[in-house]
Each structure stands twice: as C-alpha cells, then as structure tokens.
Amino acid sequence: QVQFVESGGGLVQPGGSLRLSCAASGSIFSIYAMGWYRQAPGKQRELVARITSDGSTNYADSVKGRFTISRDNAKKMVYLQMNSLKPEDTAVYYCNKVTFRDSWGQGTQVTVSS
C-alpha cells in the first residue's frame, strides 16, 4: 500500500553535497522505521542509513560522519543529507521501510565524479 518517490540526486564533484528526499504515501507512515538504501552497478543493494519512528538513527560504517538521515512525519517525508561525497558513493539511492518492505521505487541516481 505504501509507495515511495525519491528525488534530489544528480552529478556532483568529490567533496560536494547533495540532499535526497523521499515522499511516502500511506496513513500509518509515522510508526515505521525508514531507511535509505543504495545499489551500485554489479553490487548488492545495501542499507546505508536508518531512522526509527522516534528519531533514533544508525549508519553504515562507510557513511558514518558524512550522511545524516531525518524525517518529517507530518509531511510523510524522509531525507538524506550527504556531505563530503566520494566516488564510491556513486549508486542509485532508494528509500523504504526497514522491516516488511513495500515495493521499491525507481530510486534517484547519485554520481560523484570529477
């Protein structure tokens, strides 16, 4: 029932920043833990950031200290602020529930390159 639309990706130079947005539908969005995932060509999809319904967060070691996940339950939005971007951050980024995931959206492409 819940659908997700990701936006905010693009081409950025190493060391730059991007802010990704995820718009969610559904009447009980606020009770779910949400996550940002990414998938690079030839690699498995991985969870990079997670936020619970009460705002507790955790991050993959590869992005810790550089990425910040946040949410606005009233607007049914989840955000990912990405700073100090590296070429290895290049991937398609998706949002979804961490448990009992719904269908994946189309994602948003992030490319970090000189």
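See the structure above.
Nothing here was measured: the structure is a model prediction, and the numbers come from that model.

Definitions and limits used
Counting restarts for each chain: residues are numbered from 1 in the order of the written sequence. Residues qualify for local features only when their pLDDT is at least 70, as the model is predicted, and side-chain atom pairs are given and counted only at 80 or more; totals for whole chains, interfaces and linings, by contrast, use all residues. For the side-chain quantities, the full set of heavy atoms in the structure was used; hydrogens and water were omitted. The disulfide definition used here is simple: a pair of cysteine sulfur atoms within 2.5 Å. Where helices and strands are cited, they refer to DSSP runs of H or I of at least four residues and of E of at least two residues respectively, numbered from the N terminus. Note on classification: 1.4 Å probe, protein chains only; a residue is buried when its accessible area is under 20% of the maximum for its type, exposed when over 50%, partly exposed between these limits. Each Phe, Tyr or Trp ring (for Trp, its six-membered ring) is paired with any other whose centre lies within 6.5 Å, and the angle between the two planes then decides the class: stacked below 30 degrees, edge-to-face above 60, tilted in between.

Under the counting rule described, the total for this entry stands at one disulfide. Here C22 connects covalently by a disulfide to C95, the sulfurs 1.8 Å from one another. Disulfide C22-C95: torsion about the S-S bond near 65 degrees, hence right-handed. Here the residue C22 occupies a position in strand 3 (residues 18-24), and C95 occupies one in strand 9 (residues 91-97), the gap between them amounting to 73 residues. Across the pair, exposure class does not vary: C22 and C95 are buried alike.

So, about the packing of aromatic side chains. In this description, an aromatic ring pair is defined by two values, namely the gap between the centres and the angle between the planes. Taken as a whole and judged by the stated rule, the model has two aromatic pairs. Judged by centre distance (5.0 Å) and plane angle (85 degrees), the ring pair of Y37 and W104 falls under edge-to-face. Highlighted residues: Y37 in strand 4 (residues 34-39) and W104 in the loop between strand 9 and strand 10 (108-112), separated in sequence by 67 residues. On the basis of relative accessible area, Y37 is assigned to the buried category, the value being 7%. Using a relative accessible area of 32% as the deciding quantity, one classes W104 as partly exposed. Between Y94 and W104, the ring centres sit 5.8 Å apart and the planes meet at 70 degrees, which makes this aromatic pair edge-to-face. One end of the pair, Y94, is in strand 9; the other, W104, is in the loop between strand 9 and strand 10, and 10 residues separate them in sequence.

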